[in-house]
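# An overview of the molecular structure
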Amino acid sequence: DVKVTQSSRYLVKRTGEKVFLECVQDMDHENMFWYRQDPGLGLRLIYFSYDVKMKEKGDIPEGYSVSREKKERFSLILESASTNQTSMYLCASSLGDRAENSPLHFGNGTRLTVT
Amino acid sequence: AQSVSQHNHHVILSEAASLELGCNYSYGGTVNLFWYVQYPGQHLQLLLKYFSGDPLVKGIKGFEAEFIKSKFSFNLRKPSVQWSDTAEYFCAARAYTGGFKTIFGAGTRLFVKA
């Protein structure tokens, strides 16, 4: 069974801090994604990666960056956290293009509060 | 731009009632469609998916969805809901826009009264 692990379940950070959210998957998936989930807005894609060192902007990349140095790890970075980045962050992974119907496998999420 | 819209944000049903949750997507090319479910306190998980073939797909726990290409719709149905179906349901579409990006709808919260 695919396991997607997010390093923290809850985080509280101060405005202006640099924040790292880590995600690791154990199924050799090519694609990895970062979403944020907010009530009434569903899941919005921040960034995704389809290979090591490759990254693509999603729909709301402003204020975020990502890093994919190894296939199994995809990090989301908030360079200078702001209160409007308080949210639930979800990491997901899926097989690559050869399995274009592959569903997403989600981690448990990290609830980030920025004060 | 690719988008997914879900018709209802909140649905309240009694047990044994029938369920239909609407989903429309906007994308003209080949698209894969999914329904995900998030039970209270749990992570998102796949309910069912469509990528080709029979437009009526069956998923776990008695759910099914019908792909109607002419209407760009992928509605979720269940003939008789149970209290344990209380959850949030997300429709999603995946098309090739540089890496098979998956776009989600805003979600529908279903509450089933016991």
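Definitions and limits used
Residues numbered from 1 in each chain as written. Chains lettered and ligands numbered in written order. Predicted model: local features only at pLDDT ≥ 70, side-chain atom pairs only at ≥ 80, totals over all residues. Heavy atoms only, no water. Helix = DSSP H or I, 4+ residues; strand = E, 2+ residues; numbered from the N terminus. Disulfide = S-S within 2.5 Å. Buried < 20%, exposed > 50% of the residue type's maximum accessible area, 1.4 Å probe, protein only. Core = buried A, V, L, I, M, F, W, Y, C linked by side-chain atoms within 4.5 Å. Salt bridge = Lys/Arg side-chain N within 4 Å of Asp/Glu carboxyl O.

Looking now at the environment of His105(A). In this fold, His105(A) is placed in strand S11 (residues 105–106). Considering only alpha carbons, one finds His105(A) and Ser93(A), twelve residues apart in sequence, at a separation of 5.3 Å.

All names here are of chain A. A full pass over the atoms with the stated rule returns two disulfides over all chains. Here Cys23 engages in a disulfide with Cys91; their sulfurs sit 1.9 Å apart. Where Cys23 bonds to Cys91 through sulfur, the torsion about that S-S bond is close to -80°, and the disulfide is left-handed. Taken as a pair, Cys23 in strand S4 (residues 23–25) and Cys91 in strand S10 (residues 87–94) lie far apart in primary sequence, 68 residues in all. Residue classification places Cys23 among the buried residues on the basis of a relative accessible area of 0%. With relative accessibility at 0%, the residue Cys91 sits in the buried group.

A few words on the nonpolar core. Most often, soluble globular proteins have nonpolar side chains that are buried together. Of all hydrophobic cores here, the largest spans 30 residues; its most connected members are Leu33(B), Trp35(B), Leu47(B), Leu48(B), Phe74(B), Leu76(B) and Tyr89(B). In terms of residues, this core owes the most to one element, strand S10 (residues 87–95) of chain B, which gives five residues. Core analysis: the next-biggest nonpolar cluster, separate from the first, contains 20 residues, Ile46(A), Tyr47(A), Leu76(A) and Val114(A) among them.

Okay, the pattern of salt bridges next. This structure, assessed with the given rule, holds eleven salt bridges over all chains. Here Arg36(A) makes a salt bridge to Asp38(A), at a shortest N to O gap of 2.8 Å. Asp38(A) carries the same exposure label as Arg36(A), and that label is buried. With a shortest N-O distance of 2.9 Å, Asp85(B) and Lys78(B) are connected by a salt bridge. By relative accessible area, which is 6% here, Lys78(B) ends up buried. Residues joined by salt bridges that share partners form a network here, namely Lys58(B), Glu64(B), Glu66(B) and Arg77(B).

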